[in-house]
Amino acid sequence: MYRVGIDKVTLAGAVIGFLSLGFHFVILRPNRLSSGEGLFVWNSLSSPETLLLALLWLCALGTGFSHRENRPFRLAPGLIGNVILVLVFFLTARMAWSTTDPNLPFLRISIGFGGWMMAFASYILILSSQQKLEGEGFLRLLVSFSGMAALVVLFASGYMSDMSVIKEFSARQGRFLSELSQHLILAGSSVCIATVIGTGLGVWAFRSRFLERPVFFFVNTVQTLPSLALFGLMIAPLALLSQKYPVLRDFGIQGIGWAPALIALSLYALLPITRNTYTSLRILDPDVIEAGRGMGMNGLQLLWRVEIPLSLPIILSGIRTALVQSIGNTTVAALIGAGGLGVFVFQGLGQAVPDLILLGAVPVILLSVFTDKLMALLIHHITPKGLDVGQEPAS
Amino acid sequence: MIQIRNVTKKYGTIIAVDNISLEIPGGEICCLIGPSGCGKSTVVKLINRMLEPANGSIFIDGKDTRDFKPELLRRHIGYVIQNIGLFPHMTVAENIAVVPQLLSWNQEKIEERTEELFRMMRMESDHYRDKYPRELSGGEAQRIGVARALASDPEILLMDEPFGAVDPLNREGLQAEFMKIQSDLKKTVVFVTHDLDEAIRLGDRIALMREGKIVQYDTPEEILAHPQNRFVSDFVGADRALKRLSRFPVSEFMKKPVVVKVTDDVDAFISQIRKKGRPRFFWLLDEDERLIGPVDSRHVHTPFSREEDVMEANCTAITVRDSATLRDVLSRMLGQGVKTIPVTDDNSRLVGEISILEIEKVTEEAALEC
Ligand SMILES: Nc1ncnc2c1ncn2[C@@H]1O[C@H](COP(=O)(O)OP(=O)(O)OP(=O)(O)O)[C@@H](O)[C@H]1O
Ligand SMILES: [Mg+2]
């Protein structure tokens, strides 16, 4: 018989879900700048809807307390999570287009802290199911993406267009796309640069005992600087350079803008890549190398047939860390005029418009998660089957 | 043939190999043995130029190894490394195919050779070929390591403790298999081991090393019979006389047994040997010449009764196979408290008998020589 037990992850999600009921589910603002008024779930939704949400969370709590190893129980939290995730957005969006008040033509409706918290809690339920459905191809896919897909459809159909964030988006569609691409270019190219330099440094540190310490001192120090400080540090030397050689300015290289941002971001991305390259070489089994040489491989054959296949997964997981980190850090680069999604965040902060902040922050989060998953997939596929999958050395 | 001439290898101030000369005739197994750190692995690696000597030179079939590119040289020398070192990201079949691949054999030939090696190693190809090294037991991995070294059918085989990770029982099995393979292939083998019994069993010659030098290089019989100095006699141990016995196959010392089939006239036979006075004992065989047991001609009923007159009802306990050594024979005699035991072949047919007198003769020779 199946053992009945407590499923901690689902339970945590359910508890957070219940707590979220204690915060404002939506926020109504007379206009986009004013601070507005928060409403709880029961103030903003009809009683059947409120009841439905409460019931769903109760179910989640129930499955958390009496987990069984059979398939329905592994599936349940994920399905509940997906339904709640869609409901949070759907109900808010519906409220947004159904609430029209002639006295308040600029009324803005957005998801409140409680709403976001509930969405987060529902995501925990989804993750919980994902874990339990390891190896169940279709079901796992269903649990992972059905809610997301529904949200995309909801967004594309224009149903959400009355929500405040979407209004901010519609007002800046062109700008949004250009900042998004600027963000991607900055984050991507900084990691490319860091990959070239970082793998080089890693190999260098590995080969020479003398260089090992200084190399790691350097990359570790860079990593400890707050990103803002590093961006600031870049300004002065670059400004000086561009003053001395005005030609540089024609290429856009000056104290502020993309150039200092790119340099700082590349420096930041160095640590994980250098460290993982170094480690991957460090843990190469000397017996395996000896076998390769002993079988008659030359240097190049050893590199291609043995060293790269064995170390690539670890180097790639360093690049994965660097990418996720770089996508986050690029947000801050907006402060020195490099553009990117951070532009909306800082505009939003300046004007105290929370939804504008979200317009910058939410895509950054989604990008990070998406990139992380994509890299995980790539690493999984590239890792030779004979090795343990996804081994990331501790930092 | 491998000739090592005045070779020295230093690591910094450590002299790992100190002016060694060694000649290994083609088709023979030379066992390198000695305490840990005495330079055995270093000698092996000097032969395939994983290491370069500070002094001296090494010739293979009369050609200086320095005349070849190291990689090309190594592709023609089988190498079993001390810690197996299978490639963890390759399947067992891919591991075996590494050298043929480097030699750019075509796929068909590689495939054929791989299957042949699985058979040679007595491993089920279908079961093992797509496994990864981490899915193998230590013994299986070592066999694959040997198969990988044999893949391109090299004339020379360097084996650095190839059976080190195997328990004693399985090790004997592997040794027997290896000897069978070697009797067909006749490779020139340098075999490093820690285990004196292994060296005595396998080696045509044994090179005993100490602190980078070769202390004695001789056939196992000679080393055991005539240790050149105190170090050698200590190393081979006080029981060297006993160890030496394992060099002598029983098949070379057994005598023709006196036998009678149950279907013959046993009573006539008994009265005949009683008249002659000897031999006192004979072996009774069944109709298929399988051994039933020994009979003492002085204590038999007349007429002869198969049930009552055969001395050992269950004589498998005292029987040895014809592949055994005198050492096995002696231990069987001591264990069972008998002085003469029968020797049988694969089909448990009696092929000879051996008594403690023959063993004494062998040990006396050695004692006289000492
Ligand atoms: N790469 C190296 N650097 C420095 N010293 C080494 C190196 N390799 C071996 N040595 C030293 O050379 C000596 C001989 O080493 P070797 O590996 O040949 O010993 P061995 O007889 O094979 O020992 P074992 O039975 O333990 O395998 C030892 O003293 C060892 O410490
Ligand atoms: Mg060794």
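Residues numbered from 1 in each chain as written. Chains lettered and ligands numbered in written order. Predicted model: local features only at pLDDT ≥ 70, side-chain atom pairs only at ≥ 80, totals over all residues. Heavy atoms only, no water.

## Quick word on the overall build of chain B
Selection criterion: Helix and strand labels come from DSSP, where a helix needs a run of H or I of at least four residues and a strand needs a run of E of at least two; each type is numbered from the N terminus. Contacts were defined at the residue level, with two residues in contact if any of their heavy atoms lie within 4.5 Å. For every accessible area listed, the method is Shrake-Rupley and the probe measures 1.4 Å; residues are considered covered only by the protein chains on display. A positive count includes Lys and Arg, and a negative count includes Asp and Glu. His and the chain ends are not counted in either. To locate a charge, take atom NZ for lysine, CZ for arginine, CG for aspartate or CD for glutamate.
A tally of regular secondary structure across chain B gives 16 helices and 16 strands. Taking as baseline every contact in chain B between residues at least 6 positions apart, the subset at least 24 positions apart corresponds to 60%. Carbon and sulfur atoms form 47% of the exposed surface of chain B, whose accessible area is close to 17,800 Å². When the 50 basic and 60 acidic side-chain charges of chain B are each reduced to a single mean position, those positions are 4 Å apart.

## A look at the pattern of salt bridges
Our working definition: Just to be clear on terms, a salt bridge is a Lys or Arg side-chain nitrogen sitting within 4 Å of an Asp or Glu carboxyl oxygen. Throughout, exposure labels follow a simple rule: accessible area from a 1.4 Å probe, protein chains only, divided by the maximum for the residue type, with under 20% read as buried, over 50% as exposed, and the rest as partly exposed.
Scanning the entire structure with this criterion turns up 27 salt bridges over all chains. When the shortest N-O distance is used, the salt bridge between K132 of chain A and D7 of chain A registers 2.7 Å. Taken together, the residues span a long stretch of sequence, with K132 of chain A in helix α5 (residues 113-132) and D7 of chain A in the segment before α1 (8-20) at a distance of 125 residues. As a salt-bridge pair, R201 of chain B and E172 of chain B come within 3.8 Å of each other at their nearest N and O atoms. With a gap of 29 residues between them, R201 of chain B in helix α9 (residues 196-202) and E172 of chain B in helix α8 (residues 168-185) connect regions that are remote in the sequence. A residue is classified by how much of its surface remains accessible, and R201 of chain B, at 35% relative accessible area, is partly exposed. Overlapping salt bridges, with partners in common, bring together R108, E168 and R172 of chain A in one network.

## Notes on a nonpolar patch on the surface
All names here are of chain A. We apply this condition: Only residues whose relative accessible area exceeds 30% and that form no salt bridge enter a patch; like-charged residues are grouped when within 9 Å of one another, and nonpolar side chains (Val, Leu, Ile, Met, Phe, Trp, Tyr) when within 5 Å.
A surface patch of nonpolar side chains, about 390 Å² in accessible area, is lined by V15, L19, F23 and F113. Relative to the helices and strands, F23 resides in the loop between α1 and β1 (26-29). On the basis of relative accessible area, F23 is assigned to the partly exposed category, the value being 36%.

## Re the site of ligand 1
Residues and elements named next belong to chain B. Put simply, the test is: Whether a residue is near a molecule or strand depends on its heavy atoms: if one lies within 4 Å, it is near. As used in this structure description, the phrase polar contact means that two N or O atoms lie within 3.5 Å; if the pair is within protein, one of them must be able to donate a hydrogen and the other to accept it, and residues adjacent in sequence are counted only when both atoms belong to side chains. As a working rule, the residues Ala, Val, Leu, Ile, Met, Phe, Trp, Tyr, Cys and Pro are called nonpolar, Asp, Glu, Lys and Arg charged, and the rest polar, with Gly in that last group.
By nearness alone, every residue bordering ligand 1 is listed as Y11, A16, S36, G37, C38, G39, K40, S41, T42, Q82, E161 and H194. Note that an oxygen atom of ligand 1 is positioned 3.3 Å from one of the backbone N or O atoms of C38. Here ligand 1 has 640 Å² of accessible area as a free molecule, and 63% of this is covered by the chains. The biggest single contributor to the shell around ligand 1 is helix α1 (residues 40-47), with three residues. Residue composition of the shell around ligand 1, grouped by class: three nonpolar, seven polar and two charged.

## Remarks on the coordination of the magnesium ion (ligand 2)
All names here are of chain B. Applied cut-off: For Na, K and Ca the donor cut-off is 3.2 Å, and for all other metals it is 2.8 Å, counting N, O and S atoms only; because water is absent from this set, sites may look incomplete.
Protein coordination at the magnesium ion (ligand 2): the donors are S41 (OG) and Q82 (OE1), at 1.9 to 2.3 Å from the metal. One end of the pair, S41, is in helix α1; the other, Q82, is in the loop between β6 (77-80) and α3 (92-96), and 41 residues separate them in sequence. The exposure class assigned to Q82 is partly exposed, which follows from its relative accessible area of 32%.

## Describing the environment of L75 of chain A
Residue and element names in this part refer to chain A. By the element assignment, L75 lies in helix α4 (residues 71-98). As a C-alpha pair, L75 and L133 span 58 residues in sequence and 7.5 Å in three-dimensional space. Among all residues touching L75, those that are not within four sequence positions of it are S129, L133, L139 and V143.

## A closer look at the domain arrangement of chain A
Residue and element names in this part refer to chain A. Stated formally: An automatic or database domain assignment provides the domain bounds reported here. In this description, buried area is defined as the sum, over both parts, of the accessible area (probe of 1.4 Å) that is lost when the two are combined.
The assigned domain composition of chain A is domain 1 (4-164) and domain 2 (173-382). Each partner contributes residues to the interface: domain 1 has eight residues there, and domain 2 has ten residues. Of the roughly 650 Å² buried where domain 1 meets domain 2, counting both sides, 50% is carbon and sulfur surface. Where D355 meets R29, a salt bridge forms, and the shortest distance between an N and an O atom there is 3.2 Å. Element by element, the count of residues in the side of domain 1 that touches domain 2 is highest for α5, at three residues. A per-class count over the side of domain 1 that touches domain 2 returns three nonpolar, three polar and two charged.

## Here we look at the domain arrangement of chain B
A common way to report how large an interface is uses the accessible area buried once the components associate. What the domain assignment lists for chain B is domain 1 (2-239) and domain 2 (251-369). Taking only C-alpha atoms into account, the centre of domain 1 of chain B sits 41 Å from that of domain 2 of chain B.

## Side note on the pairing of strand β12 (residues 281-285) of chain B
For a regular strand, side-chain orientation follows a simple rule: the groups alternate between the two sheet faces. All names here are of chain B. As a reminder of what qualifies: Looking down the strands as they point away from the viewer, one classifies a crossover as right-handed if the path from the first strand across the helix to the second runs clockwise. Pairs of strands are assigned from DSSP output, requiring at least two bridges between the strands.
Of all the five residues making up β12, four are buried; the element is thus mostly covered by neighbouring parts of the structure. Following the backbone out of strand β11 (residues 259-261), through helix α13 (residues 266-276) and into the adjacent parallel β12, one traces a crossover that is right-handed. Relative to strand β13 (residues 291-296), β12 runs antiparallel, the two being bridged by five bridges. Counterpart to L285 in the pairing with β13 is L291.

## A look at the pairing of strand β8 (residues 188-193) of chain B
Residues and elements named next belong to chain B. Counting buried residues along β8, six of its six residues qualify, which places the element largely inside the surrounding structure. In β8, alternate side chains face the same way, and those of T188, V190 and V192 on one face and V189, F191 and T193 on the other are all buried. As paired strands, strand β3 (residues 29-33) and β8 are joined by five bridges and run parallel to one another. Of the residues in β8, the one forming a bridge with L32 is V192. Bridge analysis of strand β7 (residues 156-160) against β8 gives five bridges, and the strand direction is parallel. Counterpart to M159 in the pairing with β8 is F191. Of the crossover connections in this fold, the one passing from β7 over α8 to the parallel β8 is right-handed.

## Some words on the state of the cysteines
Residue and element names in this part refer to chain B. Our working definition: Two cysteine sulfurs form a disulfide in these notes if their separation is within 2.5 Å.
Here the structure, examined in full by the defined rule, presents zero disulfides over all chains. Cysteine C38 is unpaired, with the sulfur of C30 as its nearest cysteine sulfur at 12 Å. According to the relative accessible area criterion, C38 is buried, its value standing at 3%.

## Quick word on the packing of helix α13 (residues 286-295) of chain A against helix α14 (residues 299-333) of chain A
Residue and element names in this part refer to chain A. Worth spelling out the cut-off: Note on geometry: axes are C-alpha line fits, over the in-contact stretch for helices, and angles between N-to-C directions span 0 to 180 degrees. The cut-offs work like this: below 35 degrees is roughly parallel, past 145 is roughly antiparallel, 65 to 115 is roughly perpendicular, and the gaps in between are oblique. Definitions for this section: a left-handed crossing has its near helix turned counterclockwise from the far helix by less than a right angle. A right-handed crossing has that turn clockwise.
Where α13 meets α14, the closest approach of the two axes is 10 Å, and the angle between their N-to-C directions is 165 degrees. As summarised for this structure, α13 and α14 are arranged roughly antiparallel, according to the angle between their axes. As α13 packs across α14, the resulting crossing turns out to be right-handed. Where α13 approaches α14, its residues V288, I289, G292 and R293 are matched on the opposing element by L302, V306, E307 and L310. Split by residue class, the contact of α13 with α14 holds five nonpolar, one polar and two charged.

## Regarding the nonpolar core
Nonpolar side chains in soluble globular proteins tend to end up buried together. Rules: Think of a nonpolar core as a cluster: buried Ala, Val, Leu, Ile, Met, Phe, Trp, Tyr and Cys residues, connected wherever their side-chain atoms sit within 4.5 Å.
In this structure, I4, L32 and F87 of chain B are the most contacted members of the largest nonpolar core, which totals 44 residues. Among residues more than four places away in sequence, those in contact with L32 of chain B are L22, K40, V43, V44, V190, F191, V192, T193, A207 and M209 of chain B.

## So, the interface of chain A and chain B
In this assembly, 21 residues from chain A lie in contact with 22 residues from chain B. For the pair chain A and chain B, the two sides together bury roughly 2,000 Å², of which 60% comes from carbon and sulfur. If you sort the residues of chain A by the area they bury against chain B, E290, R293 and M295 of chain A come out on top, with a joint share of 30%. At the junction of chain A with chain B, the criterion picks out one salt bridge.

## Digging into the sheet that holds strand β16 (residues 350-355) of chain B
All names here are of chain B. The mixed open sheet is built from three strands, whose spatial order is β14-β15-β16. Each edge of the sheet is formed by a strand with only one pairing partner; in this case those strands are β14 (320-321) and β16. As paired strands, β14 and strand β15 (residues 340-344) are joined by two bridges and run parallel to one another. Within β15, the residue paired with R321 across the bridge is T344. Along the sheet, helix α15 (residues 326-336) makes contact with β14, β15 and β16, crossing β16 at roughly 70 degrees.

## Some remarks on unusual backbone geometry
Even without a glycine there, the phi angle at A352 of chain A is positive, about 55 degrees. For A352 of chain A, the position within the fold is in the loop between α15 (342-351) and α16 (354-382).

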